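# Fold and geometry: a report
What follows is each chain in one-letter form.
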Amino acid sequence: MPPVLPFRRRRTVASNFEDLLRPQVEYLHRLAWRFTGSVADAEDLVQDVLLKLYPRARELVDIEQLRPWLARVLYRRYVDFVRERARSPIAGLAADAGGDDDPLDTLPAIKDGPEEHAERNRLRERILAALERLSPEQRAVVTMHDVEGYSLEELETILETPLGTLKSRLHRARHRLREFLPMEPFSVGERVNG
Amino acid sequence: MECHDLALQLDDYLDGRLDAVGQRSIQEHLELCPNCRRRHQHAVALQAAVRTLTAPTPHPDFVDRALSRATHAAVGSARHTRRAVLGMALAASVVLGVALGVFLATQPAPVQKVALTLEQPETVRVMFNSAKPLQAATLSLALPENLELVGYGERRELTWQTDLREGGNLLQLPLIARGTVKDELVARLSHGGSSKTFRLKIEIKNAVESGMSPVGFAELVVQPQAGGMS
């Protein structure tokens, strides 16, 4: 039987939850997009996290560093999300998903909508495609470290992974990106602007 | 320092994690070795390019919508707390054969029916018969209210990209009905600008019937409708 709160109390809890989380939702969306590479998946992930957090609304007030804590919750959910995908029923459809050491690497990619594709320039498309080829763990560390600017020490807590593992994961991720994106578009002397 | 050493320490150098001696050693090697200089410049440029990737801004009403759903779903979703466990025995199966043929057949697809027992996971198997291999086909599922794909919670829209081989391709959908399912499950397979849609009506078996006579292994062939381009 679900706990039924009096209406006024429920409204207060909801209102506090919204006050606390509203400033974080865009950040979570951005992070979720960096993890998944898809707007639809990012929205699903964030929605899922919010749904899971609301029953714990009163606990959230006591969390000192809310943003990194939320990033950790989101990352955990992302890993679950990836595992769900990995065992998705569609797997039975594919005759051969293509072998790889990491089963998470063989996830079917989700394509963005045509409008988003149109907005991307060629370089951006290539980088995103390369990021999609990383494992979820590699993608998380490279985007959170190199793009979001978290230190490896901070990521130890957020990603709940030892420093040594993070360092080697980051090293492998960058190495793979360099393989996927050869010298030519980043040749010496070329400026790379956003 | 050898080129191999530089390759190993390049990331630490980029991240400023080397001590002064280590940094100097790298810098001296970079001055002397054009190959490593290119490698370093490539790494720096690539890192800068990755940093410029701006995330798309959420839909204007996404923040309000997401917060509102979270706060309003709490009471309503409590009845769904009894989660199905993946890997548990699945009671019954139905096979729907979907002949893809040339993929643009024009006959409308009759709506197929499947009977499920409330709160009991059952696998619906859909056999796609493809006349030729299809690379990167997109399968989308729209689940009606009160119907869940086991392991996906209350997500209503799901999309995968996959390859289809020539001949039979079995799609297994472990479904669980949480209540009366009024609308149909809609699955759409798209490839190269064309798509096919098929619909599945979900009926709920009553407890007596389901206890006495589990659904058998039926094979139905449907001719999916064409069009519905997205």
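Residues numbered from 1 in each chain as written. Chains lettered and ligands numbered in written order. Predicted model: local features only at pLDDT ≥ 70, side-chain atom pairs only at ≥ 80, totals over all residues.

## Quick look at unusual backbone geometry
The phi dihedral of Glu160 of chain A is positive, around 50 degrees, even though this residue is not glycine. You can see Glu160 of chain A is positioned in the loop between helix H8 (152-158) and helix H9 (163-180). Positive phi, normally seen in glycine, also occurs at Asn146 of chain B, with a value near 75 degrees. Within the secondary structure, Asn146 of chain B sits in the loop between strand E4 (134-142) and strand E5 (147-149). C-beta crowding within 10 Å serves as the criterion here: with 18 such atoms nearby, Asn146 of chain B is assigned to the partly exposed category. (Helix = DSSP H or I, 4+ residues; strand = E, 2+ residues; numbered from the N terminus. Buried ≥ 20, exposed ≤ 12 C-beta atoms within 10 Å, placed from the backbone.)

## Notes on the sheet that holds strand E8 (residues 185-191) of chain B
Residue and element names in this part refer to chain B. If you walk across this open sheet you meet the five strands as E2-E9-E8-E4-E6, and the pairing is mixed. Of all the strands in the sheet, the pair left with one neighbour each is strand E2 (112-117) and strand E6 (157-164). Each adjacent strand pair in this sheet contributes to an overall mean axis angle of 25 degrees, direction not counted. Direction of pairing for E4 relative to E8: antiparallel, over a ladder of five bridges. Pairing of Thr138 across the sheet is with Ser190, part of E8. (Pairing = 2+ DSSP bridges. Axes fitted to C-alpha atoms, helices over the stretch in contact; angles between N-to-C directions.)

## So, the environment of Tyr75 of chain A
Residue and element names in this part refer to chain A. The residue Tyr75 is located in helix H4 (residues 66-86) in this model. Along the chain, Tyr75 and Pro136 lie 61 residues apart, while their C-alpha atoms are 9.8 Å from each other. In this view, Tyr75 contacts Ala140, Ile158 and Leu159; residues no more than four positions away in its chain are not counted. (Contact = placed C-beta atoms within 7 Å.)

## Some words on helix H1 (residues 3-14) of chain B
Spanning 12 residues, H1 of chain B covers 16 Å between terminal C-alpha atoms, matching the ideal 16 Å at 1.5 Å per step. Of the surrounding elements, those touching the buried residues of H1 of chain B are H9 of chain A together with helix H2 (20-32) and helix H3 (34-51) of chain B. Of the residues flanking the end of H1 of chain B, it is Gly16 of chain B, one or two places downstream, whose phi is positive at about 70 degrees. (Expected span 1.5 Å × (residues − 1).)

## Re the nonpolar core
One finds Leu28, Ala32, Leu45, Val46, Leu50, Leu74 and Val141 of chain A to be the most contacted residues of the largest nonpolar core, which totals 50 residues. Counting residues per element, this core draws most heavily on helix H1 (residues 7-36) of chain A, which supplies eight residues. Here Leu50 of chain A is in contact with Leu21 of chain A together with Ala66, Leu67 and Ala70 of chain B, once residues within four sequence places are set aside. Of all hydrophobic cores here, the second largest spans 25 residues; its members include Val124, Val150, Trp160 and Ala187 of chain B. (Core = buried A, V, L, I, M, F, W, Y, C linked by C-beta atoms within 7 Å.)

## A look at the packing of helix H7 (residues 136-147) of chain A against H9 of chain A
Relative placement of two packed helices is described by the angle separating their axes and the distance separating the axes. Residues and elements named next belong to chain A. Contact geometry for H7 and H9: axes closest at 9 Å, N-to-C directions at 90 degrees. Considered as vectors, H7 and H9 are oriented roughly perpendicular to each other. Here Glu137, Gln138, Val141, Val142 and His145 of H7 come into contact with H9, specifically with Leu166, Arg169, Leu170, Arg172, Ala173 and Arg174. (Parallel < 35°, antiparallel > 145°, perpendicular 65-115°, else oblique.)

## What about the confidence of the model for chain A?
Within chain A, residue pLDDT values average 74, and 69% of them lie at 70 or more. Within the model, the stretch residues 90-120 of chain A combines pLDDT values under 50 with 47 contacts to residues more than four positions away or in other chains. (pLDDT = per-residue confidence, 0-100.)

## Looking at the environment of Leu134 of chain A
Its place among the elements puts Leu134 of chain A in the loop between helix H6 (122-132) and H7. Considered as a pair, Leu134 of chain A and Leu177 of chain A are 43 residues apart in the sequence and their alpha carbons are 8.0 Å apart.

## Topic: the confidence of the model for chain B
Residue and element names in this part refer to chain B. For chain B, the average pLDDT comes to 71, and 67% of its residues sit at 70 or higher. Across chain B, the secondary-structure element scoring lowest on mean pLDDT is strand E10 (residues 219-222), at 34, and the one scoring highest is H2, at 92. Of the regions scoring below 50 in pLDDT, residues 207-230 engages in 49 contacts with residues more than four places distant in sequence or in other chains. If you check the scores for this complex, the pTM reads 0.55 and the ipTM reads 0.70.

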